[in-house]
Structures are given as structure tokens and as C-alpha cells.
Amino acid sequence: MAKQEFQTEVSQLLQLIIHSLYSHPEIFLRELISNSSDALDKLRYLTVTDEVYKSLPFDPRIDLEVDEPNGTLTVSDSGIGMNEEDLIAHLGTIARSGTKNFLNQLSGDAKKDSNLIGQFGVGFYSAFMVADSIEVVSRKAGEEKAWKWTSDGKSGFDIEPAERAAAGTTVTLHLNEEGKQYANSWRLKEIVKKYSNHIAFPIYLTYDKSEWNEAEKKSDSVRTTEQVNAASALWRRNKSEITSDEYTELYKSITGDSVDPLFWFHTRAEGSLDYTTLFFIPAKAPLDMYQAEYKGGVKLYVKRVFILDDSKDLLPQYLRFVRGIIDSEDLPLNVSRELLQQNRVLNSIKTASVKKILSELKSIATKDPDKYLEFITQYNRPMKEGLYTDHANREILLDLVRLKSTKVEGLTSLADAKARMQADQKAIYTITGGPESLLRTSPLLEIYKKKDIEVLILDDEVDEIVFGGIEKYGDTELKSVNKSATSEDFKSDEEPEQATALEPLLVRIKSALGDRVKDVRVSVRLADSPSCVVSDEEEPSIQLQQMLKAMGQPELPEPKPTLEINPDHEIVKKLLAKPEDTVVDDAAWLLLDQALLMEGLPLKEPAKFVQRLNRVLNLSI
Ligand code: ADP
Ligand code: MG
């Protein structure tokens, strides 16, 4: 059969893998073993759930065989196997949507890149780091024919009919110079222990063992087969018997991550429902966290039988960065993907798991704030998503998010902001509507600066939507300083007088601006600026209205701000003295436009702004 070409991306990827992973090529073995383990999981699942497969033998094992003289290493399994089509699809193309991203993300830094490779599941190709050529002989369960796939990893691959006594896959590596070191039983045992000890199936190693022959006073080479992994489901053991290293190893083997996890939560529930959960928080947010087609990170087992690992229904979407295992005693083995969603048992496990994860996080936040900071630096955004979507857990999520503030460097919790409140402070205040630098210089903050009151800076794009729906933290009100009514908190006795005195000017300004503004009012929140714009209680901020409009909701009406005027400002006092003068018209517009500019909002008519500015300048020179 003619040689088939690799999909272009495969060749590109191969080159990159070989060059970026040179510093620890040993991970190729973890990748091949994990593929075998996946293949065994798949077959086991079918033999318990599918009528056709039920009659097939299932004798799960993974075999490593070393042939030192010939320089080959073989990894074989009695798993699901691949037919001709599968071989072409799985080993000749990269069907995954994440691959393009993967290629873009590669940095050339070996440590980082090997981590990426695990996340994107391009594991098989890593074997070309240690092999000049690879043969894969495979026979799919339930089929008679076997096929051989051969490639040097450069020019493409060949496929031809082959023989295999039973279903499964045999991968033979013709080791290259770099790979020679792996034709060694000690080295292999060490690598298996390190990466694959908790693979649920036995891994056997066959090699030439030298044994002392007392009779002939020489050592004999004896072909030996030994099991080299623990093959136990670590999560079923008692917490107290498991070391941190074992947890970390398991994490690495199930995720392909090369960095230790931040923390893990291991729970055994007994009673009305029996299940075990083991959740890990990766040190770095998974790369697909912000992609719509992210991969779910939790594996579902039923009585230690692997069921599936790509479901997005095992945890709520905002916890999509969590990795780990749910192992239930109560679910039926043949629970179907469709039924999973409405399954009562699984829903209870899910609810309890979310509570567990959040409460563990909260206790870390209290006990070890530095460690928690590492967490929140990666995962603040998904926690905020949770605030928006998971109403049942809103209280605890409010304790978990961290925000910027006018009072402290870095990030603060709402609890700390609450503790810092002044005796007569009526609410915890927040400001939204733009990047941090803009928010920090907003005129809206002037009264708070003057009174030394803390304001939380909500500069993340999602903040306004998330916090817009949240009125309270515990029994303390949360208020946005962008809202007109928030300044009620600062009303003083002299105001009605000021308002009466200012009334003619307000009327004048209102008539100059027409329906460009909703209203013109006296402000109590300004100190240094003559004016500012705010929005009403029930409507989103002007920035958000602007954004929604830009995002294709053109039927939204033009956002109309309320203009507030600072009665104590020099300009305003002067304007009040000459209400009949035409300069007031120009001033009215300039007061509005400068307030909009300070909020980072665009001017509707920049040309007119400049004309007015020049007229006023001209008068003052
Ligand atoms: P991943 O394991 O993340 O899918 P790999 O590059 O490691 O990516 O493997 C690609 C695909 O090749 C697998 O998804 C699987 O379909 C197939 N495959 C690889 N090794 C085996 C095997 N030993 N038995 C059956 N299928 C396999
Ligand atoms: Mg793999």
C-alpha cells in the first residue's frame, strides 16, 4: 500500500514536540501507558454495558517488553484496539480543535511545553522523541482483521494487513540514540512507578534478568515477567495512608500536567449514598478555561470501573478547572451519557461536591491567605461566574472572590472591606465601568476620598454584570457609586438651600442639553470636579449600555446619563452669577462632555466640543 501523508499539522507538531521535550523524553512511556489504560477502560465499559461485547473476553493487562540486543521496546495492551480507519484517524490526523491553539501556545520552554502536550492530548507522538520508527499492530475488539501502522515520524505512515491473536494494540518502538537508555529494566520500573503506579490495570515488564548460577559459578540471563505497578485505585484508600507524593503523582498521571497541583480535596461519603471524590486544583488555569469547547476535567467511575471523562455535567461549568475523580457505588454501570444529567444520585453527588470544594477553599482562604492568593490569581474569574450562575452558593462565593480597592494594595475580600468600614458608613461601595486607571481617577470617587471611605474597584469586564445582581454581602448593602441614588447616603442639611439657589442654572443647563441627558441635578459626591455623570438605580451603567449596544443590541435606546453639578465648584459659582449669558450654553455642554470623558465614554460630536472649547478659551484670554 502506498505511503500516506501525515496531515500537515501532525508533521509540524512532531517537530515541535521533539524539540521542546528533549529535556525529559521519559514521559513518552506515561503517554503510551495511559493510551493503553484508556483502551482497556473503553473495552471494559463495553463488556459491561453492550450486549454485543458482553460475550468478549476481557483480560486486562499492559505489557512492556524490552529487547536489549535489538534495541526495541514494546508496549501492548488487551484493550479496545483500532481498525484501519481508526489508525488513520487517530494516528495520522489531529482531529482536536485545541491543536491549533496548542501550536500557538508553544513557547520553546521545555517544562511549560510538556505540560501543554498533556493538556492537548498529543501524547502518542511523543514516542518519536525516543524512536526512529514505530510500528503499531492493532486489532479492534469484535473484529477479525488486524492492521499494522508504520512510520518514521517524518515522511508519513504506511498501513498494511497484519496478524494479532487477540484484540488489543502493540506499539513497538525502534529506539534511537536518545532512546537506548529505555531498553533497561531498572529505568523502566522507575518511570512506571513515577508516572503510572495508580493506573488501574496491572503493568507487566518482561526482560532478561541476570541470575547467579551457583552450580556453574556464572550469571545466567533469564527471561522474566514481573508486575511493576501498584494497580490500585489510590482514591479508595484511607486518606491517612496516602502521602502527598502519591496524590501528586496520581494528579500528574491523570492530567498530564507536569506541575504539582495547588491542593486536593479527598472525600469518602458513606450513608444514604456511597461515593468517593478526589478533586485537584491545578496550579495554573487550564488553557481551555475560556474556550467554549473546554474539556471536562473530572473522571466518573462506578465501583472503580471507568465510565467517562469528558462529561461537562459532573461539576457546574464555573468549576471547569477542577480535575479529579468521582467514584460512585450506587450508579448502574451502564448509566448512559444522556441519563447522567437527570440522574438523582449523580445530582446529589454533584451538589455535595460543589459544597465541599467551596468550603475547602474558604478554609484555605482563612488558614493560609498566601496559598489562597495563588489560587485566586488563577481562578477569580470563574468564581465570579459562579456568583452569577450558582445562586444556592452565593454566600460562600462572595467570601471567595477578591477585589481591588482604593484602600489596600493588591486584592481584598469583602469580609476585610466590611471590617474596615467606618462607624457611620452605610454600605460597601463599588465602582464599575472601565479600566482600573480610569476608575481610580473618576470624579465619582471624590466624596469617598474626602470622607476616607473605601471603594472597591470592579475593573474586570464581567464585574458589572456579576455584581449588578448582588445587593448584599451578609447584612451589609453593596452599592455602586455609579448609581444616582447612592449619593443619598451623603445628603446633608444645607442641600435643599443649595438646590434652590442652583435651580435657575440647572434649568438653563437642562434646556441647553435637551434630551441628551435624563436629568441635571445638584451633586453631593464631588469635591474637585465641576460635574459627573451617573446612571439610575434600575439601569445598567452608561458604559455597560454602550457595550451592549456595540455588541449588537442596536434596538437599545441611546444611553442617557444624569448630569450632576458640583455647587461648590468655582466654575459653577461663576456660571450662577450670569445665567443670561450665552457662555452658559457652551459651558453646559463642556460640563457634560468632560464628565463623559472622565468615565472613558466617547464624545458624540468631537468637532462641536472643540468649537465650544475654543469659544470659551477665546473669552478667557
Ligand atoms: P489522546 O490519548 O489524548 O487521545 P494520543 O495521541 O495519546 O491522544 O492518542 C491518540 C488516539 O489514538 C487516542 O485517542 C486513541 O483513540 C488512539 N490510541 C492510541 N493508543 C491506543 C491504544 N493503545 N489502543 C487503542 N487506541 C489507541
Ligand atoms: Mg494519550
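Up top is the structure these notes are about.
Overview of the structure. Being a predicted model, the structure only gives us computed values, none of them experimental. (Residues numbered from 1 in each chain as written. Chains lettered and ligands numbered in written order. Predicted model: local features only at pLDDT ≥ 70, side-chain atom pairs only at ≥ 80, totals over all residues. Heavy atoms only, no water.)

Consider a sheet: its strands pair through backbone hydrogen bonds, and that pairing is either parallel or antiparallel. Taken together, 8 strands build an open sheet; the order of strands is 5-4-3-6-2-1-7-8 and the sheet is mixed. Whereas interior strands pair on both sides, the edge strands pair on one side only; in this sheet they are strand 5 (157–162) and strand 8 (218–227). Each strand axis lies, on average, 20 degrees off the axis of its neighbour in the sheet, ignoring direction. As judged from the 10 bridges shared by strand 7 (residues 203–213) and strand 8, these two strands associate in the antiparallel manner. When the sheet's bridge partners are listed, lysine 209 is paired in strand 8 with valine 222. Packing of helix 2 (residues 27–49) onto the sheet brings it into contact with strand 1 (62–67), strand 2 (72–77), strand 6 (168–175) and strand 7, and relative to strand 2 it is tilted by some 20 degrees. Here helix 4 (residues 84–92) sits on the sheet and contacts strand 3 (131–139), strand 4 (146–151) and strand 5; the angle it forms with strand 5, its principal contact strand, is near 155 degrees. (Pairing = 2+ DSSP bridges. Helix = DSSP H or I, 4+ residues; strand = E, 2+ residues; numbered from the N terminus. Axes fitted to C-alpha atoms, helices over the stretch in contact; angles between N-to-C directions. Contact = heavy atoms within 4.5 Å.)

In this section: a nonpolar patch on the surface. A grouping of Leu613, Leu617 and Ile621 is seen on the molecular surface, where their side chains present a nonpolar patch of about 320 Å² in accessible area. For isoleucine 621, a relative accessible area of 82% gives the class exposed. (Patch = residues over 30% accessible without salt bridge, like charges linked within 9 Å, V, L, I, M, F, W, Y side chains within 5 Å. Areas by Shrake-Rupley, 256 points an atom, 1.4 Å probe, with all protein chains shown as cover. Salt bridge = Lys/Arg side-chain N within 4 Å of Asp/Glu carboxyl O. Buried < 20%, exposed > 50% of the residue type's maximum accessible area, 1.4 Å probe, protein only.)

Moving on: empty space enclosed by the protein. Here the structure, examined in full by the defined rule, presents 3 cavities of 30 Å³ or more. Space inside the largest cavity adds up to approximately 80 Å³. Grouping the constituent residues of the lining of the largest cavity by class yields 7 nonpolar, 4 polar and 2 charged. Estimates place the volume of the second largest cavity at around 60 Å³. In this structure, the second largest cavity is lined by Arg516, Ile542, Gln546, Pro559, Pro561, Leu596, Leu601, Pro602 and Lys604. Grouping the constituent residues of the lining of the second largest cavity by class yields 6 nonpolar, 1 polar and 2 charged. (1 Å grid on protein atoms, 1.4 Å probe; cavity = no way out; pocket = protein on both sides within 12 Å on 5 of 7 lines; lining within 4 Å. Points joined across faces, edges and corners; volume = space filled by probe spheres on them. Nonpolar A, V, L, I, M, F, W, Y, C, P; charged D, E, K, R; others polar.)

At lysine 217, a residue that is not glycine, the phi angle is positive and equals roughly 55 degrees. By the element assignment, lysine 217 lies in the loop between strand 7 and strand 8. Here the phi dihedral of aspartate 452 falls at roughly 60 degrees; this positive angle occurs in a residue that is not glycine. Relative to the elements of secondary structure, aspartate 452 occurs in the loop between helix 15 (446–450) and strand 16 (455–458).

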